[in-house]
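Residues per chain are reported as follows:
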Amino acid sequence: MAKQGWEVYGYEPDPIHHQIALANIQANPPALRLWIMNQALSDKTEFEAVFIRVGNNTTSSHLEGDKQPYGPVERLMVHMVDCRALIERSDFAKVDCEGHEATILLTVEDKTCEFMVEITNQANANKIYEHFKSLDIGMWSQKIGWQEVKSLEDVPNHHSQGHLFIGNHKP
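In this report, the structure presented in the accompanying data block is examined.

What counts, and where the lines are drawn
Residues numbered from 1 in each chain as written. Predicted model: local features only at pLDDT ≥ 70, side-chain atom pairs only at ≥ 80, totals over all residues. Heavy atoms only, no water. Helix = DSSP H or I, 4+ residues; strand = E, 2+ residues; numbered from the N terminus. Buried < 20%, exposed > 50% of the residue type's maximum accessible area, 1.4 Å probe, protein only. Contact = heavy atoms within 4.5 Å. Polar contact = N/O pair within 3.5 Å; in protein donor to acceptor, adjacent residues only side chain to side chain. Pairing = 2+ DSSP bridges. Axes fitted to C-alpha atoms, helices over the stretch in contact; angles between N-to-C directions. Disulfide = S-S within 2.5 Å.

### Details of unusual backbone geometry
Moving on, step 1. A positive phi angle is found at E98, which is not glycine, with a value near 45 degrees.
Moving on, step 2. Its location among the elements puts E98 in the loop between β7 (92-95) and α3 (101-105).
Moving on, step 3. The exposure class of E98 is buried, given its relative accessible area of 12%.
Moving on, step 4. Of note in this structure, W146 is not a glycine but carries a positive phi near 60 degrees.
Moving on, step 5. Within the secondary structure, W146 is located in the loop between β9 (138-141) and β10 (147-148).

### What to know about the environment of N38
Moving on, step 1. Position of N38 among the secondary structure elements: in the loop between β2 (34-37) and β3 (40-42).
Moving on, step 2. For N38, a relative accessible area of 33% gives the class partly exposed.
Moving on, step 3. For the pair N38 and Y11, spaced 27 residues apart in sequence, the C-alpha to C-alpha distance is 6.1 Å.
Moving on, step 4. Setting aside residues up to four positions removed in sequence, N38 forms contacts with E12, P13, D14, P15 and H18.
Moving on, step 5. For N38, the side chain forms a polar contact with the main-chain oxygen of E12, separated by 2.9 Å.

### Let's talk about the sheet that holds strand β8 (residues 114-117)
Moving on, step 1. Read from one edge of the open sheet, 5 strands run β7-β8-β11-β9-β10, paired in mixed fashion. Of all the strands in the sheet, the pair left with one neighbour each is β7 and β10.
Moving on, step 2. Bridge count for β7 against β8 is 4 bridges, and the pairing is parallel. Each bridged residue has a counterpart across the sheet, and for A93 the counterpart in β8 is F115.
Moving on, step 3. Seen against the sheet, helix α4 (residues 122-134) touches β9 and β11 (164-167) and runs at an angle of roughly 140 degrees to β9.

### Some details on the state of the cysteines
Moving on, step 1. Tallied over the entire structure, the rule returns 0 disulfides.
Moving on, step 2. With no disulfide partner, C83 has as its closest neighbouring cysteine sulfur the one in C97, 9.2 Å distant.

### What to know about the sheet that holds strand β4 (residues 47-54)
To summarise the sheet geometry, strands pair through backbone hydrogen bonds and adopt either a parallel or an antiparallel arrangement.
Moving on, step 1. Pairing within the open sheet is mixed, and its 4 strands lie in the order β3-β6-β4-β5. Either end of the sheet is taken by a strand with one partner, and the two such strands are β3 and β5 (62-63).
Moving on, step 2. Relative to strand β6 (residues 73-82), β3 is paired through 3 bridges, and the arrangement is parallel. Bridge pairing in β6 places S42 opposite D82.

Written as C-alpha coordinates, this is what we have:
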(Lines give C-alpha, C1' and ligand atoms only; values in the text may rest on other atoms or scores of the structure.)
Protein backbone atom coordinates (compact mmCIF):
# COMPACT_ATOMS: atom_id res chain seq x y z
CA MET A 1 0.00 0.00 0.00
CA ALA A 2 2.88 2.37 0.73
CA LYS A 3 4.31 1.68 -2.73
CA GLN A 4 0.95 2.82 -4.14
CA GLY A 5 1.25 6.16 -2.34
CA TRP A 6 -0.80 5.40 0.77
CA GLU A 7 0.37 6.58 4.15
CA VAL A 8 0.65 3.32 6.11
CA TYR A 9 0.86 2.77 9.86
CA GLY A 10 1.42 -0.72 11.24
CA TYR A 11 1.13 -1.77 14.86
CA GLU A 12 2.81 -5.00 15.92
CA PRO A 13 3.01 -5.75 19.65
CA ASP A 14 5.28 -8.80 19.34
CA PRO A 15 8.90 -7.54 19.36
CA ILE A 16 10.06 -10.52 17.29
CA HIS A 17 7.42 -9.96 14.60
CA HIS A 18 8.16 -6.22 14.72
CA GLN A 19 11.85 -6.88 13.97
CA ILE A 20 10.89 -9.22 11.10
CA ALA A 21 8.63 -6.52 9.66
CA LEU A 22 11.41 -3.93 9.90
CA ALA A 23 13.83 -6.30 8.14
CA ASN A 24 11.26 -6.89 5.37
CA ILE A 25 10.81 -3.15 4.94
CA GLN A 26 14.58 -2.63 4.67
CA ALA A 27 14.89 -5.46 2.13
CA ASN A 28 11.98 -4.12 0.05
CA PRO A 29 12.01 -0.34 0.44
CA PRO A 30 8.51 1.07 -0.02
CA ALA A 31 7.53 4.65 -0.49
CA LEU A 32 8.59 6.96 2.32
CA ARG A 33 5.21 6.94 4.03
CA LEU A 34 5.38 3.71 6.05
CA TRP A 35 5.72 3.39 9.81
CA ILE A 36 5.55 0.28 11.95
CA MET A 37 5.38 0.60 15.70
CA ASN A 38 6.14 -2.01 18.35
CA GLN A 39 2.85 -1.25 20.10
CA ALA A 40 -0.71 -2.52 20.28
CA LEU A 41 -3.91 -0.60 19.57
CA SER A 42 -6.72 -0.46 22.09
CA ASP A 43 -9.45 1.85 23.36
CA LYS A 44 -7.37 3.43 26.11
CA THR A 45 -4.72 6.12 26.07
CA GLU A 46 -1.12 5.08 26.58
CA PHE A 47 -0.89 2.28 29.07
CA GLU A 48 0.82 -1.06 29.21
CA ALA A 49 -0.80 -4.47 29.04
CA VAL A 50 0.36 -8.06 29.15
CA PHE A 51 0.99 -9.56 25.72
CA ILE A 52 0.89 -13.36 25.52
CA ARG A 53 3.29 -14.80 22.94
CA VAL A 54 2.20 -18.34 22.10
CA GLY A 55 5.49 -20.17 21.58
CA ASN A 56 4.35 -22.85 19.13
CA ASN A 57 2.02 -20.56 17.13
CA THR A 58 3.02 -16.90 17.36
CA THR A 59 0.23 -15.89 14.96
CA SER A 60 -2.13 -16.75 17.83
CA SER A 61 -0.39 -14.40 20.27
CA HIS A 62 -2.73 -11.90 21.92
CA LEU A 63 -3.36 -9.47 24.73
CA GLU A 64 -4.02 -11.21 28.01
CA GLY A 65 -7.72 -11.82 28.53
CA ASP A 66 -8.68 -11.67 24.84
CA LYS A 67 -8.19 -15.38 24.11
CA GLN A 68 -7.45 -18.57 25.97
CA PRO A 69 -3.77 -19.41 25.37
CA TYR A 70 -2.61 -22.92 24.61
CA GLY A 71 0.85 -24.43 24.50
CA PRO A 72 3.95 -22.72 25.84
CA VAL A 73 3.53 -19.00 26.45
CA GLU A 74 5.71 -16.05 27.28
CA ARG A 75 4.28 -12.92 28.94
CA LEU A 76 5.63 -9.52 27.89
CA MET A 77 4.58 -5.97 28.66
CA VAL A 78 3.44 -4.04 25.62
CA HIS A 79 2.73 -0.32 25.19
CA MET A 80 -0.88 0.41 24.16
CA VAL A 81 -2.02 3.28 21.96
CA ASP A 82 -5.58 4.59 21.73
CA CYS A 83 -6.92 3.65 18.29
CA ARG A 84 -9.39 6.54 17.97
CA ALA A 85 -6.97 9.16 16.61
CA LEU A 86 -5.60 6.69 14.08
CA ILE A 87 -9.07 5.62 12.92
CA GLU A 88 -10.21 9.26 12.64
CA ARG A 89 -7.43 10.08 10.16
CA SER A 90 -7.59 6.80 8.23
CA ASP A 91 -9.46 5.81 5.09
CA PHE A 92 -8.89 2.08 5.54
CA ALA A 93 -7.76 -0.23 8.35
CA LYS A 94 -6.91 -3.93 8.32
CA VAL A 95 -7.68 -5.26 11.80
CA ASP A 96 -6.22 -8.62 12.84
CA CYS A 97 -5.66 -8.52 16.57
CA GLU A 98 -6.56 -11.96 17.92
CA GLY A 99 -9.55 -11.24 20.11
CA HIS A 100 -9.17 -7.48 20.58
CA GLU A 101 -11.08 -6.53 17.42
CA ALA A 102 -14.38 -5.65 19.12
CA THR A 103 -12.59 -3.43 21.64
CA ILE A 104 -11.08 -1.44 18.77
CA LEU A 105 -14.08 -1.38 16.44
CA LEU A 106 -16.58 -0.35 19.11
CA THR A 107 -14.77 3.02 19.25
CA VAL A 108 -15.98 3.83 15.70
CA GLU A 109 -18.67 6.52 15.72
CA ASP A 110 -19.08 7.47 12.06
CA LYS A 111 -18.72 6.29 8.47
CA THR A 112 -15.33 7.71 7.53
CA CYS A 113 -12.98 4.71 7.80
CA GLU A 114 -13.51 1.33 6.15
CA PHE A 115 -12.26 -1.90 7.71
CA MET A 116 -11.20 -5.39 6.77
CA VAL A 117 -11.36 -7.45 9.96
CA GLU A 118 -10.72 -10.99 11.11
CA ILE A 119 -13.11 -11.87 13.93
CA THR A 120 -11.90 -14.31 16.57
CA ASN A 121 -15.05 -15.49 18.36
CA GLN A 122 -18.84 -15.33 18.53
CA ALA A 123 -18.90 -12.74 21.33
CA ASN A 124 -16.87 -10.31 19.21
CA ALA A 125 -18.99 -11.09 16.13
CA ASN A 126 -22.14 -10.19 18.12
CA LYS A 127 -20.68 -6.90 19.39
CA ILE A 128 -19.33 -5.83 16.00
CA TYR A 129 -22.54 -6.73 14.15
CA GLU A 130 -24.77 -4.85 16.61
CA HIS A 131 -22.48 -1.81 16.70
CA PHE A 132 -22.23 -1.28 12.95
CA LYS A 133 -25.88 -2.15 12.40
CA SER A 134 -26.80 0.60 14.91
CA LEU A 135 -24.58 3.07 12.97
CA ASP A 136 -26.16 2.00 9.66
CA ILE A 137 -22.75 1.10 8.23
CA GLY A 138 -22.65 -1.73 5.68
CA MET A 139 -20.95 -5.06 6.23
CA TRP A 140 -19.96 -7.69 3.67
CA SER A 141 -18.84 -11.16 4.64
CA GLN A 142 -16.36 -13.53 3.02
CA LYS A 143 -18.26 -16.32 4.82
CA ILE A 144 -21.18 -15.77 2.41
CA GLY A 145 -19.21 -14.99 -0.77
CA TRP A 146 -18.80 -11.26 -0.04
CA GLN A 147 -22.54 -10.71 0.04
CA GLU A 148 -24.01 -8.02 2.24
CA VAL A 149 -24.58 -9.09 5.83
CA LYS A 150 -28.29 -9.41 6.57
CA SER A 151 -28.13 -11.15 9.95
CA LEU A 152 -25.70 -12.11 12.68
CA GLU A 153 -25.41 -15.59 11.16
CA ASP A 154 -23.73 -14.02 8.09
CA VAL A 155 -20.85 -12.64 10.19
CA PRO A 156 -17.69 -14.77 10.46
CA ASN A 157 -16.79 -15.70 14.03
CA HIS A 158 -13.52 -17.58 13.44
CA HIS A 159 -10.55 -17.00 11.14
CA SER A 160 -11.51 -20.12 9.16
CA GLN A 161 -14.70 -18.34 8.01
CA GLY A 162 -12.83 -15.47 6.38
CA HIS A 163 -12.96 -11.71 6.85
CA LEU A 164 -15.61 -9.06 7.29
CA PHE A 165 -15.52 -5.82 5.29
CA ILE A 166 -17.13 -2.85 7.04
CA GLY A 167 -17.77 0.44 5.29
CA ASN A 168 -19.67 2.58 2.83
CA HIS A 169 -18.56 0.79 -0.34
CA LYS A 170 -19.16 -2.79 -1.39
CA PRO A 171 -15.79 -4.58 -1.54
